[in-house]
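Fold and contact review
Okay, here's what each chain looks like letter by letter:
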Amino acid sequence: MLLEKPTTRRKFLLGSLLALPLSDLVLKGLTAAQAAEMAAPELADYKPGFFSADEWQFILAATDRLIPAGGKGKAPGALETNVPIFIDQQLQTSEFGDEIYLQGPFNVHADATFGYQIPFTPQQMYHTAIKLVTQWVQTTYNKPFQQLTLEEKDDVLTKLNKNGIDFAALGEPNMKASQFFSQLLSDTKHGYLADPMYGGNKGMKAWIAIGFPGARASFTEWVKQHNVPYPLGPVSLLGERA
């Protein structure tokens, strides 16, 4: 669920940039997508509104391993596309997760066909799970997650995915590690592929990498042209063109 946030000074400046005539942008040596990227937050300077400082370091490190940079075609990673900012801003929205049914009974071991079986909102899930993972990593490696080697980080994430970290043994019987991993992976994908207006996919870099046309009004003539590279760059919902 993508929820739009109130207009900020940064978005106002972005709108001002996008309102410039194309000729002005060309004279300035900028495309609309480049202008939009300039107006987007720099990850290194961003101050999270939902995550604590320690939680933020975990999110940065974990999303970086879920979608690392340098994939096929040298695709950008989660950090280059502001995925952590997307997750933080979505979780700041009080309505995020309001559609989830939170009246028990819950059965954490129930089949997935039974639907959501966790007595937590997404916000509560993140706070609770990161605390448990941090506890397990500190006990196991004697250092925080972000200081692990790449191989160790991948091993921890694999254990989360396969319930190799027992949340019940750590004091939380109402959530399995795999359930948190699924939420984190899903939000990471959404932040990577969502429209830039939601905080992620900075500069439409992910769309450019996969050849996605974005919000173009019409590209039906290309739908049936299989294995033919799409020659036009993507367009965002705000009219930014890559």
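The present account deals with the structure reproduced in this document. This one's a predicted model, so the numbers in the text were calculated from it and none came from an experiment. (Residues numbered from 1 in each chain as written. Predicted model: local features only at pLDDT ≥ 70, side-chain atom pairs only at ≥ 80, totals over all residues. Heavy atoms only, no water.)

It is worth spelling out unusual backbone geometry at this point. Peptide bonds are trans in most cases, and residues, glycine excluded, mostly fall at negative phi. Phi at Asn163 takes a positive value of approximately 60°, unusual for a residue other than glycine. Here Asn163 shows up in the loop between helix 7 (150-161) and helix 8 (177-193). A residue is classified by how much of its surface remains accessible, and Asn163, at 34% relative accessible area, is partly exposed. If you check the backbone angles, Met204 has positive phi at about 55° while not being a glycine. (Helix = DSSP H or I, 4+ residues; strand = E, 2+ residues; numbered from the N terminus. Buried < 20%, exposed > 50% of the residue type's maximum accessible area, 1.4 Å probe, protein only.)

This part is about helix 4 (residues 53-66). Compared with an ideal rise of 1.5 Å per residue, which puts 14 residues at 20 Å, helix 4 spans 20 Å between its outermost C-alpha atoms and is within 8% of the ideal. For helix 4, the complete set of buried residues consists of Glu55, Trp56, Phe58, Ile59, Leu60, Ala61, Ala62, Thr63, Arg65 and Leu66. Tucked inside the fold, the buried residues of helix 4 contact helix 5 (83-92), helix 6 (122-141), helix 7 and helix 8. (Expected span 1.5 Å × (residues − 1). Contact = heavy atoms within 4.5 Å.)

Ranked by internal contacts, the top residues of the largest apolar core, which has 47 residues, are Tyr126, Phe167 and Phe180. Mapped onto this core, the elements with two or more residues apiece are helix 4, helix 5, helix 6, helix 7 and helix 8. With 8 residues, the top contributor of residues to this core is helix 6. Not counting chain neighbours up to four residues away, the residues in contact with Tyr126 comprise Phe50, Phe51, Ile59, Ile87, Leu91, Phe180, Gln183, Leu184 and Asp187. (Core = buried A, V, L, I, M, F, W, Y, C linked by side-chain atoms within 4.5 Å.)

Before going further, it helps to examine helix 8. Across its 17 residues, helix 8 extends 25 Å between first and last C-alpha, which sits within 8% of the 24 Å expected from 1.5 Å per residue. Looking only at helix 8, the buried set comprises Ala177, Ser178, Gln179, Phe180, Phe181, Gln183, Leu184, Asp187, Thr188, Gly191 and Tyr192. In this structure, the buried residues of helix 8 make contact with helix 4, helix 5, helix 6, helix 7 and helix 9 (205-210).

By secondary structure assignment, the location of Gln123 is in helix 6. When near neighbours in sequence (up to four residues on either side) are disregarded, Gln123 contacts Phe50, Leu91, Thr93 and Phe96.

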